[in-house]
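Residues per chain, in single letters:
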Amino acid sequence: MTDTNTDSEIQAPKIEFPCEGYPIKVIGDAGEGFADLVLDIVRRHAPDLDVTTLSMRDSSNGRFVSVQVAIRATGVEQLQALHVELRATGRVHVVL
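Rules used throughout
Residues numbered from 1 in each chain as written. Predicted model: local features only at pLDDT ≥ 70, side-chain atom pairs only at ≥ 80, totals over all residues. Heavy atoms only, no water. Helix = DSSP H or I, 4+ residues; strand = E, 2+ residues; numbered from the N terminus. Buried < 20%, exposed > 50% of the residue type's maximum accessible area, 1.4 Å probe, protein only. Contact = heavy atoms within 4.5 Å. Salt bridge = Lys/Arg side-chain N within 4 Å of Asp/Glu carboxyl O.

Visitor: Would you take a moment to explain the overall build of the chain for this structure?
Guide: Regarding its fold elements, the chain presents two helices and four strands. The helix and strand sequence of the chain, counted from the amino end, reads β-α-β-β-α-β. Within the span of the chain, comprising 96 residues, buried residues form 27% of the whole. Within the chain, contacts between residues at least 6 apart in sequence are counted, and of these 70% link residues at least 24 apart.

Shown next as structure tokens:
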């Protein structure tokens, strides 16, 4: 059996859904209510969110904050909708 992929054709591994503990990291402008905003949006797309998975980290200059949670990802559509709604807030710069 030969591998037909070259280095330039290597693809990311496929995610099998549902995927427990799927990490979502959101980076945005630090400020009052950012974590609550992120949690409200995530809960709309992943109602069974376990808030004990929440972690936050301020940037070195305090201008940005990252909020990370783990969700039960049910499909690509869920993840895309979550990403779109987070970005639409105007406070979110990056969703990983």
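That was the structure; now back to the text.
Visitor: Before we go on, may I ask you to explain the side chain of Ser-66 in this structure?
Guide: Looking at the secondary structure, you find Ser-66 in strand β3 (residues 64-73). Ignoring sequence-local partners within four residues, the contact set of Ser-66 consists of Lys-25, Val-26, Ile-27, Ser-55, Met-56 and Arg-57.

Visitor: Just checking my understanding: could you explain the pattern of salt bridges for this structure?
Guide: Oppositely charged side chains can form a pair if their charged atoms are brought close together. For the structure shown, the criterion picks out three salt bridges. Linking Asp-40 and Arg-43 is a salt bridge whose minimum nitrogen-to-oxygen distance equals 3.9 Å. Taken together, the residues Asp-40 and Arg-43, both in helix α1 (residues 34-45) and three residues apart, mark about one turn of the helix. A salt bridge links Glu-85 to Arg-44; its shortest N-O distance comes to 2.4 Å. In this pair, Glu-85 sits in helix α2 (residues 76-87) while Arg-44 sits in helix α1, placing the two residues 41 residues apart along the sequence. Note on Arg-44: relative accessible area 54%, which makes it exposed.

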